[in-house]
Amino acid sequence: MGTDNVNPVLAQSDLPHGLPDFASISDDDFLPAFTDAMASQLAEIDEIANNAEPPTYGNTVEAVEFSGRDLARAAGIFFNLVGPDTNPKRNEISRELSTLLTDHQNTIAMNPLLFERISKVHGDADDLDLDEPRRRLLDKHYRGAVRAGAGLSPDQQQEMREISSRLALLTTTFSQKILDDSNDSAVFVDDASALDGMSAGEIAAARRAATEAGHDSGYLIALELPTSQSVLTELTDGAVRRRVFEASINRCARGNDNDTTELVLEIVRLRARRAELLGYSDHADYVIAEQTAPSAEAVDDLLRELSESAMRAGERELDDLRVLAGDAEIGAADYTYWLARAARSKSDVPLDDFADYCELETVLTRGVFYAANVLYGLRFVERPELPAYHPDVRVWDVLDESGRSIGLFLGDYFARPSKRGGAWMNSIVDQSTMLQTQPVVVNVLNLTKPDDGEKCLLTVDQLTTLFHEFGHALHGLLSAVDYPSQSGTSVPRDFVEFPSQVNEMWALHPSVLANYARHHETGEPIPAELATAARESAGTESAHGTIEYLAASVLDLAWHQLDTAQAEAITDVAGFEAQALRAAGIGTDLIPPRYRSTYFNHIFGGGYSAGYYSYIWSEVLDADTEQWFLSEGGLQRENGRRFAQSTLSRGDSVDPLVAHEELIGRKPYIEPLLARRGL
């Protein structure tokens, strides 16, 4: 506990924009802080629910919206730590909080007096003079209560509570098991010659990982979250490629303590039952009712159309690879290796040299931040004196064109055993004009940390990821809404990836690339032919990449379009996977899904259940918007102003699809997506 008996988690921070003073907080502070914050919010809710005055938008809907600020602060701090820097104590707290917070949220949603008041305001909405943000907030609170079970009978509400609480624990446990098993499944190699093809920096990192894991010698190849491991494109030793691939694809399915197969089955059954209680046909129907997609059937139709084209493209791609490989066998572990060889054979310019011109620090300051300055007028001033939650994390003050600070940006770029795999953006403090809060956002990646004195050089894929996640950060930083629950990325799941995918277009844009692409040793600008080759290589997705993504999307929907009886009948996770992919005509033994069910954290540990399709759904908008930017002159301040005004600043305060159509002047076309994907 902090001084004067004020829990440091709940104490108001004196740091800019409420940046938490992480150094003053210990893990032992979290549970007491959450306990106090939940009790405080329940007292606020009781006061709202028992208000003797007639319910109004202000004394009911806004009052609920602004309740629980201590809880929001505690959650912003703790859940930011659990993803990028967890430990056994934090994992234990996370499991305990998963049920406590769910029970707390259900208590609020199912408060009968509160629901009666919200329902009364919702019923009178047509007679109220509400602008679009306020009407959307009212609808959101009403629907949220209904979807939590507020309209069910007492017995059904009790079952909903039990289901929600159990799901919270299961999904939290699922994520923790993936991290543990991925760490345990890292591939040990005792001879450096087996790492032929890897860069010197990657080999040094593998040696360092082995040392940190307690090995006196040898090398440890850490696993990334997806099935496809980037190292497979480099390793020349086929036996080592197969070891890495098998370690990846068999994660959490080996019958040990980290096996997640039973978790998958129970999660699917509970989600199906919850949907049934609420009157939905299945979990996908329940989820997509809140998205921009009109229905699960519409999503199925898109995936089916794309899958047919992708499989035809995959056949052509594989034929070309077999010609290139000659007598060499192409197995699932070899596919991306030969894809990389094919890309090199088609270009007179070796793309392996691209990373020499793509050093992380330079890309950040002269690429990522540069594009944000040109488009949105933002400047990023590093604040090394401000505390972060880990020594590797950096903090920047974000200034607008007038020099006013509008928020803080934290960058956490390097992999470590305490960090879950993947890349993401997180919000520690949400923007709200009515609360007078400015955003504090974090980008998290899993780049290989270089040795002291060395530089972190990025591949094209890593470069794209850096710009992608910064697109999410811009969505948070440029938010300008009244209500915190409408801030930044608090939009429908199948729209949230749209702004981040749009930001990818600047990674290799000629003027941006020319500004940052300097050789990390000589400072020479990137040769024009290498820049062109990099753009061409990134311009069209491989059939392999499209197929593995679509297969994962199909698998997600297959699990979540089961009704209760069907879900109860499934006992074989691997068998269900195979049947679902066959039925959809997508994926092959050579191209498994981007995530197998047992380590599909997006849908069984994160917020993408029945929503993994959102990447491709958003990409329809993204590809079309890229054409809009280019047709309007590309990287120009006016274009950035219009995009920020229509999309980035508005969060969920308006209908995002309507706002997008107003920006480009029509409904989106799918043709740019098909061209980008080579379909």
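Everything here concerns the structure above.
Definitions and cut-offs
- Residues numbered from 1 in each chain as written.
- Predicted model: local features only at pLDDT ≥ 70, side-chain atom pairs only at ≥ 80, totals over all residues.
- Heavy atoms only, no water.
- Helix = DSSP H or I, 4+ residues; strand = E, 2+ residues; numbered from the N terminus.
- Rg over C-alpha atoms; globule rule 2.2 N^0.38 Å.
- Buried < 20%, exposed > 50% of the residue type's maximum accessible area, 1.4 Å probe, protein only.
- Contact = heavy atoms within 4.5 Å.
- Pairing = 2+ DSSP bridges.
- Expected span 1.5 Å × (residues − 1).
- Arc of directions from axis to C-beta.
- Polar contact = N/O pair within 3.5 Å; in protein donor to acceptor, adjacent residues only side chain to side chain.

**Q** Explain the overall build of the protein here, please?
**A** Across its full length, the protein carries 26 helices and seven strands. On C-alpha atoms alone, the protein measures out to a radius of gyration of 25 Å, which is about the 26 Å that the 2.2 N^0.38 rule sets for 679 residues. Taken over the C-alpha atoms alone, the protein extends approximately 80 × 60 × 55 Å along its principal axes. For the protein, the residues scored as buried account for 54% of the 679 residues in total. Restricting to contacts in the protein with at least 6 residues of sequence separation, those with at least 24 account for 75%.

**Q** How should unusual backbone geometry be read in this particular structure?
**A** Negative phi values dominate among residues other than glycine, just as trans dominates among peptide bonds. Of note in the backbone geometry, Cys252 takes a positive phi value of approximately 60 degrees without being a glycine. Considering the arrangement of structural elements, one finds Cys252 in the loop between helix 9 (238-249) and helix 10 (261-277). Accessibility expressed as a relative area gives 0% for Cys252, which makes it buried. In the Ramachandran plot, Gln436 falls in the positive-phi region, its phi being about 60 degrees despite a non-glycine side chain.

**Q** Just checking my understanding: could you explain the pairing of strand 5 (residues 405-414) for this structure?
**A** Within a regular strand, side chains alternate between the sheet's two faces. Extensive coverage of strand 5 is indicated by the burial of nine of its ten residues. Here six bridges tie strand 4 (residues 394-399) to strand 5, and the two strands are oriented antiparallel to one another. Bridge pairing links Val395 to Leu410 in strand 5. Connecting strand 4 to the next strand, strand 5, in antiparallel fashion are five residues, including Gly403 with a positive phi near 90 degrees. Pairing of strand 5 with strand 7 (residues 440-447), which is carried by six bridges, proceeds in the parallel orientation. Within strand 7, the residue paired with Leu408 across the bridge is Val440.

**Q** Honestly, the environment of Gly367 in this entry has me stumped. Any pointers?
**A** Turning to its location among the elements, Gly367 is positioned in helix 14 (residues 360-376). For Gly367, a relative accessible area of 0% gives the class buried. Along the backbone, Gly367 and Leu463 are 96 residues apart, and their C-alpha atoms lie at a distance of 9.9 Å. When near neighbours in sequence (up to four residues on either side) are disregarded, Gly367 contacts Thr362, Phe467, Val512 and Tyr516.

**Q** How should the pairing of strand 7 be read in this particular structure?
**A** Judged by how many residues are buried, strand 7 sits mostly within the fold: seven of eight residues are covered. Note: strand 6 (residues 424-429) against strand 7, five bridges, orientation antiparallel. For Ser427, the partnering residue across the bridge sits in strand 7 and is Val441.

**Q** How should helix 1 (residues 30-49) be read in this particular structure?
**A** Side chains three or four residues apart in an α-helix point the same way, a direct result of the helix having 3.6 residues per turn. Here helix 1 spans 28 Å end to end across 20 residues, near enough to the 28 Å set by a 1.5 Å rise per residue. Burial in helix 1 covers these residues: Phe30, Ala33, Phe34, Ala37, Met38, Gln41, Ile45, Ile48 and Ala49. An end-on view of helix 1 places all buried positions within 130 degrees of arc, on one side of the element.

**Q** Where do I start with the environment of Ser119 in this structure?
**A** Here Ser119 shows up in helix 5 (residues 112-123). As a C-alpha pair, Ser119 and Glu469 span 350 residues in sequence and 38 Å in three-dimensional space.

**Q** In this structure, what is going on with the side chain of His104? I would like to understand it.
**A** With respect to the secondary-structure elements, His104 resides in helix 4 (residues 88-109). Reaching out from His104, the side chain makes a polar contact with the side chain of Gln41 at a distance of 2.7 Å. Apart from residues no more than four positions distant in its own chain, His104 is found in contact with Met38, Gln41, Leu42 and Leu71.

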